[in-house]
Amino acid sequence: MNKFALLNQKKHMLIGASLIRIAFGFIILYNYAIHYSQRYFLWGPNGLIGTSSSAEPFLYNYSLYSLNNSNLYFDIIYHLGIIVSILFIFGYKGKRVAILNFIFVWSIMSQNTLILDGGDNIIRILLFYLLFADTTRYFSIDAHVKSSKKHIEAFSLKNLVHNLAILACLLQVCILYITSGFHKAMGELWQSGTALYYILQVEEFSHPFFKDFIFSSDIIIVGGSYLAVIVQLAYPFLLFNQKTKYIGMLGVIGLHTGIFIVMGLFSFSFIMIVNQLLFLSDKEYKSCSLYVKRKYEKWLSFLRPKSNKLAKQSPVASIIVLYDGWCPFCIKSIKKFQRFDWFNRIEFLSFREPGAVADYDVSLANLENRMHSVKRANGKIEDGIYSINRICKNIPLLWIFVPFISVAIFLGIGQRVYDFIATRRTIFPTGSCDEQSCVMPLKNQGE
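Residues numbered from 1 in each chain as written. Predicted model: local features only at pLDDT ≥ 70, side-chain atom pairs only at ≥ 80, totals over all residues. Heavy atoms only, no water.

Observations regarding the overall build of the protein chain
Then, in step 1: Along the protein chain, the regular secondary structure elements total 22 helices and four strands.
Then, in step 2: Classification of the 447 residues of the protein chain by burial places 40% in the buried group.
Then, in step 3: Sequence separation of 24 or more characterises 73% of the internal contacts of the protein chain that already satisfy a separation of 6 or more.
Then, in step 4: Of the roughly 26,400 Å² that the protein chain leaves accessible, carbon and sulfur atoms contribute 65%. (Helix = DSSP H or I, 4+ residues; strand = E, 2+ residues; numbered from the N terminus. Buried < 20%, exposed > 50% of the residue type's maximum accessible area, 1.4 Å probe, protein only. Contact = heavy atoms within 4.5 Å. Areas by Shrake-Rupley, 256 points an atom, 1.4 Å probe, with all protein chains shown as cover.)

See the structure below:
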């Protein structure tokens with residue numbers, strides 16, 4: 001009992017519950033929108049199913065659309081459903097709107113069961129469970145309004161009800177996969193590995209391109225059939241371990257992504273994929289958010305332009321490139337690099353300037369042979385073609401050349417090509433020099 005009380009001192013899976021509220025609201029609104037022009041035919045009083053003003057149809061399917069057979073009443077209910085779904089997405093008046101949304105969703109799904117794809121069953125069940133959960137703690141209008149209030153972490157009936165509602169959702173998803181997996185495993189076509197072949201024979205649920213691709217290989221057909229069964233049967237058991245949980249979630253996401261791509265069942269696949277949002281804890285979401293935030297800030301710092309004045313006061317360049325200021329070809333190349341270095345990621349420095357290379361452990365002979373680059377972060381020094389590759393990595397417009405240069409380096413021809421060009425360049429000393437400072441290791445120097 002102490003452990004039970006400790007577990008319910010706070011509400012769990014609040015971020016996941018808030019995210020699944022948004023996801024479910026989106027798919028509900030999506031179905032309202034894509035069928036808007038066909039709404040009278042699909043659900044209207046004189047449409048595919050039709051309605052009657054008597055109480056019998058309502059008692060049969062418990063749909064608001066069955067209470068009246070006028071088009072005006074139908075339009076009012078339909079548009080109210082759209083408004084409620086929008087309020088549900090934005091998390092306004094959480095519980096009240098959630099109840100209304102459940103009623104409207106149940107009504108429209110019950111009005112015409114012929115066009116449902118299976119995802120309606122799980123979304124209606126989970127929407128009912130989520131009526132008892134706190135789904136507006138994050139990413140909602142309610143959360144914004146109540147942001148000034150502190151949430152007291154103590155055992156309460158509200159915490160218990162919320163946690164039990166989330167647990168019911170998790171168990172429901174697990175039951176869905178385990179029962180689906182067992183039913184497949186008992187089927188003769190799934191046992192023989194040919195179920196995928198017969199499923200794709202239904203033209204309404206198959207794409208010609210993927211159908212032909214899958215049919216081209218017996219391994220894909222058999223492997224795909226068995227893999228679907230294995231993923232569904234293993235999923236509930238993989239959730240018991242923190243590391244294998246991610247494998248199970250990725251397996252389910254991959255399974256339903258394949259169903260969407262191959263069979264075109266978007267709504268069903270989307271609903272089944274977003275169910276996984278509930279299986280990550282608030283701590284895991286916050287860790288992911290912190291990781292993304294760090295990467296985003298790093299990317300912004302990479303792209304943020306710096307003024308020349310600021311660059312002089314506080315160096316922000318990622319690398320320092322040491323080039324030969326006596327080489328016209330080098331100077332021309334550096335000017336082109338500077339033209340594209342919009343974010344001031346590179347500081348170009350001629351090693352011919354007095355004291356320019358005093359802080360770097362590079363000999364003058366090596367500097368004359370090849371251009372060098374120094375990474376500010378760790379002081380790593382690269383030369384020749386590696387410096388060219390480093391420059392391209394720091395200039396977005398030149399990223400297209402990085403794969404080709406990397407392949408040339410891997411094949412061992414990159415540095416050779418660089419040396420071939422470097423040893424045939426010309427230099428024009430701009431100041432006094434002695435025998436050592438003006439010597440260039442050119443191949444044709446003795447000629």
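Having seen it, we continue.
Brief notes about the environment of lysine 11
Then, in step 1: Tracing the backbone through its elements, the reader meets lysine 11 in the loop between helix H1 (2-7) and helix H2 (14-34).
Then, in step 2: Note on lysine 11: relative accessible area 16%, which makes it buried.
Then, in step 3: Side-chain polar atoms of lysine 11 contact the side chain of aspartate 134, separated by 3.5 Å. (Polar contact = N/O pair within 3.5 Å; in protein donor to acceptor, adjacent residues only side chain to side chain.)

Describing the layout of surface pockets
Then, in step 1: Estimated volume of the second largest pocket: approximately 800 Å³.
Then, in step 2: Along its surface, the second largest pocket is lined by 31 residues, and Lys184, Ala228, Gln232, Leu255 and Ile259 are the ones closest to its centre.
Then, in step 3: Breaking the lining of the second largest pocket down by element, the ones donating at least two residues are helix H7 (119-130), helix H9 (157-186), helix H11 (195-199), helix H13 (218-238), helix H14 (242-263) and helix H15 (266-274).
Then, in step 4: Sort the elements by how many residues they give to the lining of the second largest pocket and H14 lands first, with eight residues. (1 Å grid on protein atoms, 1.4 Å probe; cavity = no way out; pocket = protein on both sides within 12 Å on 5 of 7 lines; lining within 4 Å. Points joined across faces, edges and corners; volume = space filled by probe spheres on them.)

A short note on unusual backbone geometry
Then, in step 1: You will see that methionine 13, though not glycine, has its phi angle at about 60°, which is positive.
Then, in step 2: Within the secondary structure, methionine 13 is located in the loop between H1 and H2.
Then, in step 3: For methionine 13, a relative accessible area of 18% translates into the label buried.
Then, in step 4: A positive phi angle is found at lysine 93, which is not glycine, with a value near 50°.
Then, in step 5: Looking at the secondary structure, you find lysine 93 in the loop between helix H5 (71-90) and helix H6 (94-111).
Then, in step 6: Relative accessible area serves as the criterion here: at 40%, lysine 93 is assigned to the partly exposed category.

Comments concerning the sheet that holds strand E4 (residues 381-383)
Then, in step 1: Pairing is mixed across the open sheet formed by four strands, whose spatial order is E2-E1-E3-E4. Two strands bound the open sheet, and with one partner strand each, they are strand E2 (346-350) and E4. Neighbour to neighbour, the strand axes of the sheet diverge by 25° on average, direction disregarded.
Then, in step 2: Two strands pair when backbone bridges link them, and strand E1 (residues 319-323) and E2 are joined in this way by five bridges, in the parallel orientation. For leucine 322, the partnering residue across the bridge sits in E2 and is leucine 349.
Then, in step 3: Along the sheet, helix H20 (residues 385-393) makes contact with E1, E2, strand E3 (372-375) and E4, crossing E4 at roughly 110°. (Pairing = 2+ DSSP bridges. Axes fitted to C-alpha atoms, helices over the stretch in contact; angles between N-to-C directions.)

Brief notes about H7
Then, in step 1: In a regular helix each residue adds 1.5 Å, so 12 residues correspond to 16 Å; H7 covers 16 Å between its end C-alpha atoms and thus fits that length.
Then, in step 2: Inspection of H7 places Gly119, Asp120, Ile122, Ile123, Arg124, Leu126, Leu127 and Leu130 among the buried residues, and these make up the whole buried set.
Then, in step 3: On its buried side, H7 packs onto H2, H5, H6, H9 and H15. (Expected span 1.5 Å × (residues − 1).)

Regarding the side chain of serine 66
Then, in step 1: In this structure, serine 66 sits in the loop between helix H4 (55-61) and H5.
Then, in step 2: Residue classification places serine 66 among the buried positions, given a relative accessible area of 2%.
Then, in step 3: A distance of 3.3 Å separates a polar atom in the side chain of serine 66 from a polar atom in the side chain of glutamine 111.

Points about the nonpolar core
Then, in step 1: The biggest cluster of nonpolar side chains holds 59 residues, and the ones touching the most others in it are Phe24, Tyr32, Tyr78, Ile123, Leu127, Ile166 and Phe279.
Then, in step 2: Looking at this core, the element that brings in the most residues is H2, giving eight residues.
Then, in step 3: Residues within four places of leucine 127 in sequence aside, it is in contact with Phe24, Ile28, Phe88, Asn101, Phe102 and Val105.
Then, in step 4: The next biggest cluster of nonpolar side chains, apart from the first, holds 19 residues, and it includes Ile319, Ile385, Leu398 and Ile409. (Core = buried A, V, L, I, M, F, W, Y, C linked by side-chain atoms within 4.5 Å.)

Description of the environment of isoleucine 220
Then, in step 1: You can see isoleucine 220 is positioned in helix H13.
Then, in step 2: As for isoleucine 220 and leucine 196, which are separated by 24 residues in sequence, their C-alpha atoms are 9.2 Å apart.
Then, in step 3: With sequence-adjacent residues up to four places away left out, isoleucine 220 is seen in contact with Leu196, Phe213 and Ile214.

Examining a positive patch on the surface
Then, in step 1: On the surface, Lys93, Lys95, Arg96, Lys146 and Lys158 cluster together into a positively charged patch.
Then, in step 2: Mapped onto the elements, lysine 146 comes out in the loop between helix H8 (141-145) and H9.
Then, in step 3: Judged by its relative accessible area of 44%, lysine 146 is partly exposed. (Patch = residues over 30% accessible without salt bridge, like charges linked within 9 Å, V, L, I, M, F, W, Y side chains within 5 Å. Salt bridge = Lys/Arg side-chain N within 4 Å of Asp/Glu carboxyl O. Lys, Arg positive; Asp, Glu negative; His and termini not counted. Charge placed at Lys NZ, Arg CZ, Asp CG, Glu CD.)

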